[in-house]
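Spelled out, the chains give:
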Amino acid sequence: MARTLARTIEELDQAGRLVRIESEVDPFLEAAEIQRRVYRSGGPAVYFSRLRGCRFPAVSNLFGTIDQARFLFRHTLESVRRLIELKIDPNEFWRRPTRYWKAPWAALGMLPKVRRGRLRSWQSIRVGELPQIVSWPDDGGAFITLPQVFSENVEQPGVMHSNLGMYRVQLSGGQYAPDQEIGLHYQIHRGIGVHHAAALRQNKPFRVNIFVGGTPSMTLAAVMPLPEGMSELTFAGALAGFRIPLLAEPDRLPVYRDADFIIRGVVEPNRLLPEGPFGDHLGYYSLAHDFPVLRVEEVLCRADSVWPFTAVGRPPQEDTVFGELIHELTGPVIPTVLAGVHAVHAVDASGVHPLLLAIGSERYTPYRRDDRPAELLTQASAILGQGQMSLAKYLFIVNRDDDPELHIHNVAAFLQHALARVDWRRDLHFHTCTTIDTLDYSGDGFNAGSKVVIAASGQPRRALPAQLDFDPQLPDGFSRPLCPLPGVLVVQAPAYASAGRDTAIEEWTRQVAADAPLNRFPLVLAVDDSEFTAASLNNLIWVAFTRSNPARDLHGVGSFTRDKHWGCEGSLILDARRKPHHAPPLIEDPAVMKKVDALAAREPAIGKYL
């Protein structure tokens, strides 16, 4: 594949997969609004010839569709798949040598190519000269949205023990000294956190390099969920089809030689400053919190550097394609890492971490005649012990043998399969007072909340109503019931109380009799706007799983606690209303939307995608 971003842009242009904007575009909100619209329309990559107040051009939507992502890696995807096949079963090499004869050369390409020397022909610039792209009106400043953050462990230095991650980098705003400091936001279960912890133990600073641009394989590698201790540079090399070129200077971290921009700096492990707020991939603002600071030593660029960026916001966005491509490559590995688990899917519409679906199996006791989940719970625990999957807030896991044709990515069918089989008296398994995603504000504190495993197995125990053909007998203040999915009822509830603990949903559940018709629906969602929630499956998933904390917001008709286990006899009612402690949702600026409308009329090449 292309070694540089400039060559990637040329290839996309030649293939008719890129459109150029010659008009000047404001990096404050306008560029991001364009990107969001082009992505939603399934458009091509976008080259911004002129960004206001900046001498560098920019490009977005490089990974805008799964078809375009496959095009970028068209020469290497198959060889990477075959390497993964050999990882699963090395004996395949001897069974089908003609299929895998290129594998040794592909494996050799995974090793970074380190050369000693000094950087030459690079220009030194200031942080303020970089494109200052701001995506949302209340963002705390400009951020790098596609950074490749490179670090090493001070206790175990070396390229093969390095970490390459995509962590939010704040360039301006807040309390950072202009051109001297930038913010680093890395969440829990991220590799750079291990390096930070080692620096704290040694009471010494650690160096960090930030790369922007270069071959697209480096961008994808930075978001790849690899096992801890495995360098992302190896995956980048396999996907690029060549060894990633690094330059090692004396007493400095190696730099990626094909990058368009390089920021070098030092993190003092005990120094934190407020970072944010920033619109994030859950569809809300992540608020300002203390995070590490990078003391900038040097910012470098090439004479022809181009700034790649994307826009973050409620999914789906461009990073959705990252997830699709990663699943294509790594999905077959899941059963080798998690015994008995056949597939796992982090649902993008929920913001990835809030909702995880899994298909497992009951292998150890095939003679059992009851349908109580057994090994499924073991597998659920294993899933929640794996890296970023541990951030799952709702984990639904079902038994493959109940429906071998069930597809993990058919979310509607999966949920119906689970709801038809689940027994709310026994199949809810809570993890309370635990960690959740840093960006999720549905819990009871920063990084604090709960999880629930919902394990469903056996033959269907109920028929799921596909429409509301009876009076649900709603209490005063509850209205507009809708059935957007068989087995799911959405009800518009009174706004959550702004002070004290809101008990409206608990009181409602106490009023519902055990034989009430409402209990025909296994899942009931109490929401702020039932028509919005029911308008699409994406809306339903987003509202239900980003606006709830399982241990606090799950209620049930005929609920009970027995031997510390909570369950219910009738409907499970999920309080998915917005709460006072939740982060505000992302809303576009109307004036900026009008500017982009005007651009669409002015430049027909881009206009059809806006």
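Residues numbered from 1 in each chain as written. Predicted model: local features only at pLDDT ≥ 70, side-chain atom pairs only at ≥ 80, totals over all residues. Heavy atoms only, no water.

## What about the overall build of the protein?
As a reminder of what qualifies: Put simply, DSSP marks the helices as runs of H or I at least four residues long and the strands as runs of E at least two long, and each gets a number from the N terminus on. Atoms counted for the radius of gyration: C-alpha only. Globule rule: 2.2 Å times residue count to the power 0.38. Throughout this description, buried means an accessible area under 20% of the type-specific maximum (1.4 Å probe, protein chains only), exposed means over 50%, and partly exposed covers the range between. Between two residues, a contact is recorded if the distance between any of their heavy atoms is within 4.5 Å. To measure how exposed things are, a 1.4 Å probe is used in the Shrake-Rupley method; for residues, cover is taken only from the protein chains shown. By the counting scheme adopted, Arg and Lys are positive, Glu and Asp are negative, and His together with the chain ends is not counted. We put the charge of a Lys on NZ, of an Arg on CZ, of an Asp on CG and of a Glu on CD.
Secondary structure assignment for the protein yields 19 helices and 30 strands. Relative to a compact globule of 610 residues, whose C-alpha radius of gyration would be 25 Å, the protein shows 25 Å and is just as compact. Considering only C-alpha atoms, the protein reaches an extent of 80 × 65 × 55 Å along its principal axes. The 610 residues of the protein split such that 57% are buried. For the protein, long-range pairs separated by at least 24 residues make up 72% of all intrachain contacts whose partners lie at least 6 apart in sequence. With the model as given, the accessible surface of the protein reaches about 24,800 Å², and the carbon-plus-sulfur share is 51%. Taking the average location of the 65 positive side-chain charges in the protein and that of its 69 negative ones, the two points are 5 Å from each other.

## Details of helix 18 (residues 590-602)
As a reminder, the rule being used: Here the expected length of a helix is defined as 1.5 Å per residue gap, with one fewer gap than residues. Each C-beta atom gives one direction from the helix axis, and the arc is the one those directions make.
For helix 18, with 13 residues, the first-to-last C-alpha span of 19 Å sits near the 18 Å given by 1.5 Å per residue. All of the buried residues in helix 18 are Val-592, Val-596, Leu-599 and Ala-600. An end-on view of helix 18 places all buried positions within 100° of arc, on one side of the element. Facing away from the buried side of helix 18 by more than 90 degrees, the exposed set consists of Pro-590, Lys-594 and Ala-601.

## Re the sheet that holds strand 1 (residues 18-25)
We count it as follows: A pair of strands counts as paired when DSSP detects no fewer than two bridges linking them. A fitted line through C-alpha atoms serves as each axis, taken over the contacting stretch for helices, and the angle formed by two N-to-C directions is quoted from 0 to 180°.
The mixed open sheet is built from four strands, whose spatial order is 1-2-3-18. The strands lining the two open edges of the sheet, one partner per strand, are strand 1 and strand 18 (307-309). Mean inter-strand twist for the sheet, computed between neighbouring axes without regard to direction, equals 25°. Sitting on the sheet, helix 1 (residues 5-14) touches strand 1, strand 2 (45-51), strand 3 (58-60) and strand 18, and the angle it makes with strand 1 is about 115°.

## Notes on the pairing of strand 1
In plain terms, the rule: Looking down the strands as they point away from the viewer, one classifies a crossover as right-handed if the path from the first strand across the helix to the second runs clockwise.
By the bridge criterion, six bridges tie strand 1 to strand 2 in an arrangement that is parallel. Opposite Val-25, over in strand 2, you have Leu-51 as the bridge partner. As a crossover connection, the stretch from strand 1 through helix 2 (residues 30-40) into strand 2 is right-handed.

## Here we look at the sheet that holds strand 4 (residues 113-116)
Taken together, three strands build an open sheet; the order of strands is 4-12-13 and the sheet is mixed. In this open sheet, the two edge strands, each paired with only one partner strand, are strand 4 and strand 13 (255-256).

## Comments concerning the domain arrangement of the protein
Operational definition: Each domain span listed reflects an automatic or database assignment of domains. Buried area: the sum, over both parts, of the accessible surface (1.4 Å probe) that disappears when the two are put together. For this analysis, a salt bridge means a side-chain nitrogen from Lys or Arg found within 4 Å of a carboxyl oxygen belonging to Asp or Glu. Any N or O atom pair separated by 3.5 Å or less is treated as a polar contact, with the protein-specific requirement of one donor-capable and one acceptor-capable atom, and with residues adjacent in sequence counted only for side-chain atom pairs.
Partitioning the protein into domains gives domain 1 (5-74 + 111-309) and domain 2 (318-456). A separation of 31 Å is found between the C-alpha centroids of domain 1 and domain 2. Buried area between domain 1 and domain 2, summed over both chains or domains, comes out near 2,500 Å², and the portion from carbon and sulfur atoms is 69%. Counting across the domain 1 and domain 2 interface gives one salt bridge. The closest approach of N and O atoms between Glu-328 and Arg-70, which form a salt bridge, is 2.3 Å. The interface formed by domain 1 and domain 2 holds eight residue pairs in polar contact (both at pLDDT 80 or more) in total.

## Here's the deal with the nonpolar core
Here is the rule: Here, nonpolar core means buried Ala, Val, Leu, Ile, Met, Phe, Trp, Tyr and Cys residues that are tied together by side-chain atoms lying within 4.5 Å of each other.
Phe-73, Phe-211, Phe-235 and Ile-244 are the most contacted members of the largest nonpolar core, which totals 57 residues. A total of six residues in this core trace back to one element, the largest contributor, which is helix 9 (residues 232-240). Residues from two domains meet in this core; each of domain 1 (5-74 + 111-309) and domain 2 (318-456) gives at least three. Among residues more than four places away in sequence, those in contact with Phe-73 are Met-1, Phe-63, Pro-216, Ser-217, Leu-220, Leu-239 and Leu-325.

## Regarding the environment of His-565
Mapping His-565 onto the fold places it in strand 29 (residues 565-568). With near-sequence residues (within four places) excluded, His-565 lies in contact with Arg-425, Arg-426, Leu-428, His-429 and Phe-560. In this structure the side chain of His-565 is engaged in a polar contact, spanning 3.2 Å, whose partner is the backbone oxygen of Arg-425.

## Quick word on the pairing of strand 20 (residues 355-360)
Within strand 20, six of the six residues are buried, leaving the element largely enclosed by the surrounding structure. Burial along strand 20 is two-sided: Leu-355, Leu-357 and Ile-359 facing one way and Leu-356, Ala-358 and Gly-360 facing the other are all buried. Of the pairings in the sheet, the one linking strand 19 (residues 343-346) to strand 20 comprises four bridges and is antiparallel in character. Residue pairing for strand 20: His-345 is matched across the bridge by Leu-357. Judged from the six bridges that link them, strand 20 and strand 21 (residues 394-399) form a sheet pairing that is parallel. What sits directly across from Leu-357, in strand 21, is Phe-396.

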